[in-house]
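Here's the letter readout for the chains.
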Amino acid sequence: MAKKPKWVVEKEQARKASAAETVWLFGHHAVRDALMNPRREKLRLILTPNAADKLADAVAEAGIEPEISDPRRFSAPLDPQSVHQGAALEVKPLDWGRLEDVAISGEGVLRLVLLDRVTDPHNVGAILRSAEVFGAQAVIGTRHHAAPETGALAKTASGALERQPYLRERNLADTITSLQEIGYLVLGLDGEAELTIEEAVTGKLEKPIALVLGAEGPGLRPKTRETVDMLVKIPFAREFGSLNVSNAAAVALYAVKG
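Mind showing me how you'd approach the overall build of the protein here?
Along the protein, the regular secondary structure elements total 11 helices and 11 strands. The dimensions of the protein, computed from C-alpha atoms along their principal axes, are 60 × 60 × 35 Å. Taking as baseline every contact in the protein between residues at least 6 positions apart, the subset at least 24 positions apart corresponds to 77%. Of the roughly 13800 Å² that the protein leaves accessible, carbon and sulfur atoms contribute 51%. Charge centroids of the protein, computed over 32 positive and 35 negative side chains, lie 4 Å from each other.

I'm lost on the sheet that holds strand S1 (residues 23-26) in this one. Help?
The strands that make up a sheet are held in pairs by hydrogen bonds between backbone atoms, and each pair lies either parallel or antiparallel. Within the open sheet, the four strands sit side by side as S1-S4-S2-S3. Their pairing is mixed. Edge strands, defined here as strands with exactly one partner in the open sheet, are S1 and strand S3 (67-68). Sheet strands in contact with helix H2 (residues 28-35) are S1, strand S2 (42-47) and strand S4 (87-91), and its direction is about 40 degrees off that of S4.

Mind showing me how you'd approach the nonpolar core here?
Generally speaking, nonpolar side chains in soluble globular proteins are found buried as a group. Grouped together as the largest cluster of nonpolar side chains are 51 residues, with contacts concentrated most on Leu 128, Tyr 166, Leu 187, Leu 211 and Leu 213. Examining the composition of this core, we find that five residues originate from one element, helix H11 (residues 245-255), more than from any other. Those residues in contact with Leu 187, other than ones at most four positions away along the chain, are Ile 197, Ala 200, Val 201, Ile 209, Ala 210, Leu 211, Val 212, Met 230 and Val 232.

I'm lost on the sheet that holds strand S7 (residues 166-169) in this one. Help?
With respect to topology, seven strands assemble into an open sheet ordered S7-S6-S5-S10-S8-S11-S9, the strand pairing being parallel. This sheet does not close on itself; its edge strands, each paired only once, are S7 and strand S9 (195-196). Pairing between strand S8 (residues 185-189) and strand S11 (residues 230-233): three bridges, direction parallel. Within the sheet, the bridge partner assigned to Gly 188 lies in S11 and is Leu 231. Where helix H8 (residues 172-181) meets the sheet, it contacts strand S5 (111-116), strand S6 (138-142), S7, S8 and strand S10 (209-214), and its direction lies at approximately 160 degrees from that of S5.

Can you walk me through the pattern of salt bridges in this structure?
Proximity of charged atoms lets side chains of opposite charge pair with each other. One pass over the structure, following the stated rule, counts 12 salt bridges. The salt bridge partner of Glu 149 is Arg 40, with a shortest N-O separation of 2.6 Å. One end of the pair, Glu 149, is in the loop between S6 and helix H7 (151-157); the other, Arg 40, is in the loop between H2 and S2, with 109 residues separating them in the sequence. Accessibility assignment for this pair places Glu 149 and Arg 40 in one class, buried. Put simply, Arg 221 and Asp 116 hold a salt bridge, and the shortest N to O gap is 2.6 Å. With a gap of 105 residues between them, Arg 221 in the loop between S10 and helix H10 (222-227) and Asp 116 in strand S5 connect regions that are remote in the sequence.

How should the side chain of His 28 be read in this particular structure?
Summarising the element assignment, His 28 is placed in helix H2. When its relative accessible area of 16% is taken as the criterion, His 28 is described as buried. Every residue in contact with His 28, bar those within four places of it in the chain, is listed here: Ala 51, Lys 54, Leu 55, His 84, Gln 85 and Ala 87.

Looking at this model, I keep getting lost on the side chain of Thr 175. Mind explaining?
Its location among the elements puts Thr 175 in helix H8. Overall, the relative accessible area of 4% leaves Thr 175 in the buried class. Non-local contacts of Thr 175, meaning those with residues more than four positions away in its chain, are made with Leu 99, Leu 114, Ile 140 and Glu 169.

How should I be thinking about the pairing of S10 in this particular structure?
Regular strands place side chains that alternate from one sheet face to the opposite one. S10 sits mainly inside the fold: six of its six residues count as buried. Of the two faces of S10, the one carrying Ile 209, Leu 211 and Leu 213 and the one carrying Ala 210, Val 212 and Gly 214 are both buried. Across six bridges, S5 lies against S10 in parallel orientation. Following the sheet pairing, Leu 115 is matched in S10 by Leu 213. Bridging between S8 and S10 involves four bridges; their strand directions are parallel. Note on S10: the bridge partner recorded for Gly 188 is Val 212.

Help me understand the pairing of S7 in this model?
Across four bridges, S6 lies against S7 in parallel orientation. Along S7, the bridge assignment pairs Thr 142 with Glu 169. For the segment spanning S6, H7 and S7, crossover handedness is right-handed.

Any chance you could explain the environment of Arg 44 here in plain terms?
Residue placement: Arg 44 occurs in strand S2. Along the chain, Arg 44 and Pro 66 lie 22 residues apart, while their C-alpha atoms are 7.3 Å from each other. Once residues within four sequence positions are removed from consideration, Arg 44 is found in contact with Trp 24, Ile 64, Glu 67, Ala 88, Leu 89 and Glu 90. Looking at Arg 44, its side chain comes within polar contact range of the side chain of Glu 67, at 2.8 Å.

Reading the values: rules and limits
- Residues numbered from 1 in each chain as written.
- Predicted model: local features only at pLDDT ≥ 70, side-chain atom pairs only at ≥ 80, totals over all residues.
- Heavy atoms only, no water.
- Helix = DSSP H or I, 4+ residues; strand = E, 2+ residues; numbered from the N terminus.
- Contact = heavy atoms within 4.5 Å.
- Areas by Shrake-Rupley, 256 points an atom, 1.4 Å probe, with all protein chains shown as cover.
- Lys, Arg positive; Asp, Glu negative; His and termini not counted.
- Charge placed at Lys NZ, Arg CZ, Asp CG, Glu CD.
- Pairing = 2+ DSSP bridges.
- Axes fitted to C-alpha atoms, helices over the stretch in contact; angles between N-to-C directions.
- Core = buried A, V, L, I, M, F, W, Y, C linked by side-chain atoms within 4.5 Å.
- Buried < 20%, exposed > 50% of the residue type's maximum accessible area, 1.4 Å probe, protein only.
- Salt bridge = Lys/Arg side-chain N within 4 Å of Asp/Glu carboxyl O.
- Right-handed = clockwise from strand over helix to strand, strands pointing away.
- Polar contact = N/O pair within 3.5 Å; in protein donor to acceptor, adjacent residues only side chain to side chain.

Printed below as a string of structure tokens:
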């Protein structure tokens, strides 16, 4: 029998690992939103008596039997620093489907946020929240060098993770090219750019627009900079011109809201 090529074996292993992957969500807000989300595959719910009282309606809606845990010896496998409020839910990551379908779904103007090696779950959670507020179709990271779906990300997203698609694609430059092919104007945020974001979108707000943000410090990678349609900047009033990436995403989404 012929031996499978190494790349085929690695692909199969990655698929199996992904299928087996689970996430522990924690905190009243994140757990409630996941319980109320029919798209979520829920595996195990651990609550203290107090949390069980507060989440009783959501638990009933989900139809899942909680394990009641002593608050002094909370039994969920969480980081000791997690502010869990006595609520933890093991789930499967959400499957939002194909990027090409998500990118053209929804009403009104089409907007996407792409993240180039943004690995901090708190930043990604905050970006998901802004994307949901401003009506974006999705937030897109990469499979590697991007924040995975975690309890910390869900808590920062404050419920947005259950509603705002968070996709992770294999190659960001290829993803940008695919979006350009279906009509997206792709703007890369760069503090040194000549054009402001407002100048770049003048007369183009009816077009689908994707915003690409890089990690704080390194910014966009060279390949990303080469692939976007334009590099744009958020204009600053003073010499100190730098925003946290999640704040920059919120400002940029507002600037292109149409």
